[in-house]
Each structure stands twice: as C-alpha cells, then as structure tokens.
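Spelled out from the first residue to the last, the chains are:
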Amino acid sequence: MSSTQFNKGPSYGLSAEVKNQLLSKYDPQKEAELHSWIKGLTGLFIGPDFQKGLKDGIILCTLMNKLQPGSVPKINHYMQNWHQLENLFNFIKAMANDLFESRSMTQLQVSLLALVRKAKTKETPGQSHFPQASCNKE
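Residues numbered from 1 in each chain as written. Predicted model: local features only at pLDDT ≥ 70, side-chain atom pairs only at ≥ 80, totals over all residues. Heavy atoms only, no water.

Quick notes on the overall build of the chain
- Broken down by element type, the chain carries 7 helices and 0 strands.
- From first element to last, N terminus to C terminus, the chain shows the α and β order α-α-α-α-α-α-α.
- Counting every position in the chain, which comprises 138 residues, the buried fraction comes to 40%.
- Sequence-distant contacts, at least 24 apart, represent 54% of the contacts inside the chain between residues at least 6 apart. (Helix = DSSP H or I, 4+ residues; strand = E, 2+ residues; numbered from the N terminus. Buried < 20%, exposed > 50% of the residue type's maximum accessible area, 1.4 Å probe, protein only. Contact = heavy atoms within 4.5 Å.)

Things to note about the packing of helix α4 (residues 58-67) against helix α5 (residues 81-91)
- Two elements in contact, α4 and α5, have axes separated by 8 Å at closest approach and are oriented at 30°. With respect to α5, the axis of α4 lies roughly parallel. Viewed along their axes, α4 and α5 form a crossing whose handedness is left-handed. For the pair formed by α4 and α5, the contact residues are I58, L60, C61 and M64 on the first element and N87, L88, N90 and F91 on the second.
- Residue composition of the contact of α4 with α5, by class: 6 nonpolar, 2 polar and no charged. (Axes fitted to C-alpha atoms, helices over the stretch in contact; angles between N-to-C directions. Parallel < 35°, antiparallel > 145°, perpendicular 65-115°, else oblique. Left-handed = near helix turned anticlockwise from the far one by under 90°. Nonpolar A, V, L, I, M, F, W, Y, C, P; charged D, E, K, R; others polar.)

Points about the confidence of the model for the chain
- Model confidence for the chain is summarised by a mean pLDDT of 77, while 75% of its residues fall at 70 or above.
- Per-residue pLDDT stays below 50 along residues 1-6; that stretch engages in 14 contacts with residues further than four places along the chain or on separate chains.
- Counting interchain partners and residues more than four positions distant, the pLDDT-below-50 stretch residues 133-138 has 11 contacts. (pLDDT = per-residue confidence, 0-100.)

Quick look at α5
- Regarding α5, the residues found buried are H83, Q84, N87, L88 and F91. For α5, the arc enclosing every buried residue in end-on projection is 140°, short of the 170-degree limit, so these residues lie on one face. (Arc of directions from axis to C-beta.)

Points about the nonpolar core
- Counting 23 residues, the largest nonpolar core has L34, W37, F50, L54, L63 and L112 as the members making the most contacts within it.
- When contributions to this core are tallied by element, the ones reaching two or more residues are α2 (28-42), α3 (50-55), α4, α5 and α7 (105-122).
- Per-element accounting of this core gives the leading share, 6 residues, to α7.
- If we ignore the near neighbours within four places in the chain, the residues touching L34 are F50, Q109, L112, L113 and V116. (Core = buried A, V, L, I, M, F, W, Y, C linked by side-chain atoms within 4.5 Å.)

Regarding the side chain of Q109
- With respect to the helices and strands, Q109 occurs in helix α7.
- Take Q109: its relative accessible area is 3%, and that puts it in the buried class.
- Aside from chain neighbours lying at most four places away, what touches Q109 is Y26, D27, K30, E31 and L34.

Regarding the environment of I92
- Turning to its location among the elements, I92 is positioned in the loop between α5 and α6 (93-100).
- The spatial distance from the C-alpha of I92 to the C-alpha of M64 is 9.7 Å, given a sequence separation of 28 residues.

Some words on the packing of α2 against α7
- The contact between α2 and α7 brings their axes to 11 Å, and the two run at 50°. As summarised for this structure, α2 and α7 are arranged oblique, according to the angle between their axes. Of the two possible hands of crossing, α2 and α7 adopt the one that is left-handed. On α7, the residues touching K30, E31, L34 and W37 of α2 are Q109, L112, L113 and V116.
- Here the residues of the contact of α2 with α7 sort into 5 nonpolar, 1 polar and 2 charged.

Shown next as structure tokens:
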C-alpha cells in the first residue's frame, strides 16, 4: 500500500498499535483475487497499486452497475477530487473516506469480499459472474 498526501503524520501509542494491527490483517492473496474478479466482471484493470486504481471510484461504480444494473446512475470520468469523491460516495458511503485517505485498505478488502459473497447469493443459476477463486475464504 502506498501513502498519499492525505495521510496524516506518523501514528504513536494506541493509534500506532491499531494501525499496525489492521495492516497485519491485510491479505495480498485476497487482493489478487479481487483484482482478478473485478477485471473479469468489468473488463477494467485496476493496476499495480490497488488503492490508486480504485481511488477515483470509476471501477467501483462500474462494478456496482455490473452487479446491480442502474444502481449508480452517473459515473464521473473527470479527475478532479470532488468528482472522484462523488463516485466513491455513490459506491458506498462507509468506504469512501477509508479508500480516499488510505486509512483502512483492510476494511475495503473485507467489504469488497462481503460484496462478492452477497452478490453470489443473488446470481442466477448457470450464470456466474465469479471466478472459481476462493473469494469466500476467510
């Protein structure tokens, strides 16, 4: 994970412990599975930096529209910060700040994996949008 200009300074004490604990739970294998699943469903490549590839919200909104057509009626393709934030807000309010500020990529990963599991329960028999990868393992 990379740092951005939006990150606060170094963490100390309890904040550092919590941050380190969250970082230790981040699973690169699950990130790779999400890369593959999202690309397979949307046709869009996230790139080598997961956070930067999702930050503008375009891929996330496209993903939502693939899973639930019309759920994100407008996707901004402009690169101004407020357009990016509007896309993220449209994807899901709870994840927007964590993704944009690189605060909790672990929570984003957990949320996307939960989205995979939820979407799997709604898929039509014989029409799978999901790779055989183990996105449901925890």
